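Observations on the model geometry
Residues per chain, in single letters:
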Amino acid sequence: MSIAVVAERPAGVSLSSHVPSRPAESSRTTSDARGVGRSRVSGRSLRLTTRGRVVFGALALVALAALGFGTASAIAAVPSAVATDVEATTDFTYVTVQPGQSLWDIASTIADDRDVRDVVAEISTLNGLQGAQIEPGQRLALPTWV
């Protein structure tokens, strides 16, 4: 035996009237009563919480601080000079390196009561030497206190 189930609908009611209609989804930005912007994309809304705002704000501050620190260090690295009408004259004592002579030998002869290591460092800085290597015939400027 077979039983058939028939659904009856009331007279004057169509099936399409029972299906709720959905508005067309679009990609637009709306704001709610608090003024928080939401982006509607495919029916979903994107909302930033208070915690999210704090995190993004902190990230922005860190980025700005790094940018400021980088700019400040770049400015500090640039040597500055002031042009004046005063002519600077500095007289140096020069020595010509002899064969077999080292920077330590030269520094120890002029060191007096100073530490020879400090005098070697001053001579290197004054002459733009990268190390203690010098060549015979090279002319070296000595510090002004000599």
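A brief look at the structure comes next. Note that the structure is a prediction, hence the values are computed from the model and not measured.

1. Some details on the pattern of salt bridges
Any two side chains of opposite charge can pair, so long as their charged atoms come close to each other. Scanning the entire structure with this criterion turns up 1 salt bridge. Its salt-bridge partner being D115, residue R117 comes within 2.9 Å of it at the nearest N-O pair.

2. Side note on a nonpolar patch on the surface
Judged by side-chain polarity, L48, V55, F56 and L59 come together as a nonpolar surface patch covering roughly 380 Å² of accessible area. Relative to the helices and strands, V55 resides in helix α1 (residues 50-77).

3. Considering the nonpolar core
In terms of nonpolar packing, the biggest core is built from 14 residues, with L103, I106, A107, V119, I123, I134 and L140 touching the most fellow members. Those elements that provide at least two residues to this core are α2 (103-110), α3 (116-127) and β5 (139-142). Beyond its immediate stretch of four places on either side in the chain, L140 contacts T93, Y94, V95, V97, L103, I106, I123, N127, L129 and I134.

4. Structural notes on the packing of α2 against α3
In the contact formed by α2 and α3, the axes pass within 9 Å of each other and the chain directions differ by 115 degrees. In terms of orientation, α2 and α3 fall into the roughly perpendicular class. The hand of the α2/α3 crossing is right-handed. Counting all contacts with α2, which are made through L103, W104, I106, A107, S108 and I110, the residues of α3 involved are V116, R117, V119, V120, I123 and S124. When the residues that make up the contact of α2 with α3 are grouped by side-chain class, the tally is 9 nonpolar, 2 polar and 1 charged.

What counts as what
Residues numbered from 1 in each chain as written. Predicted model: local features only at pLDDT ≥ 70, side-chain atom pairs only at ≥ 80, totals over all residues. Heavy atoms only, no water. Salt bridge = Lys/Arg side-chain N within 4 Å of Asp/Glu carboxyl O. Patch = residues over 30% accessible without salt bridge, like charges linked within 9 Å, V, L, I, M, F, W, Y side chains within 5 Å. Areas by Shrake-Rupley, 256 points an atom, 1.4 Å probe, with all protein chains shown as cover. Helix = DSSP H or I, 4+ residues; strand = E, 2+ residues; numbered from the N terminus. Core = buried A, V, L, I, M, F, W, Y, C linked by side-chain atoms within 4.5 Å. Buried < 20%, exposed > 50% of the residue type's maximum accessible area, 1.4 Å probe, protein only. Contact = heavy atoms within 4.5 Å. Axes fitted to C-alpha atoms, helices over the stretch in contact; angles between N-to-C directions. Parallel < 35°, antiparallel > 145°, perpendicular 65-115°, else oblique. Left-handed = near helix turned anticlockwise from the far one by under 90°. Nonpolar A, V, L, I, M, F, W, Y, C, P; charged D, E, K, R; others polar.

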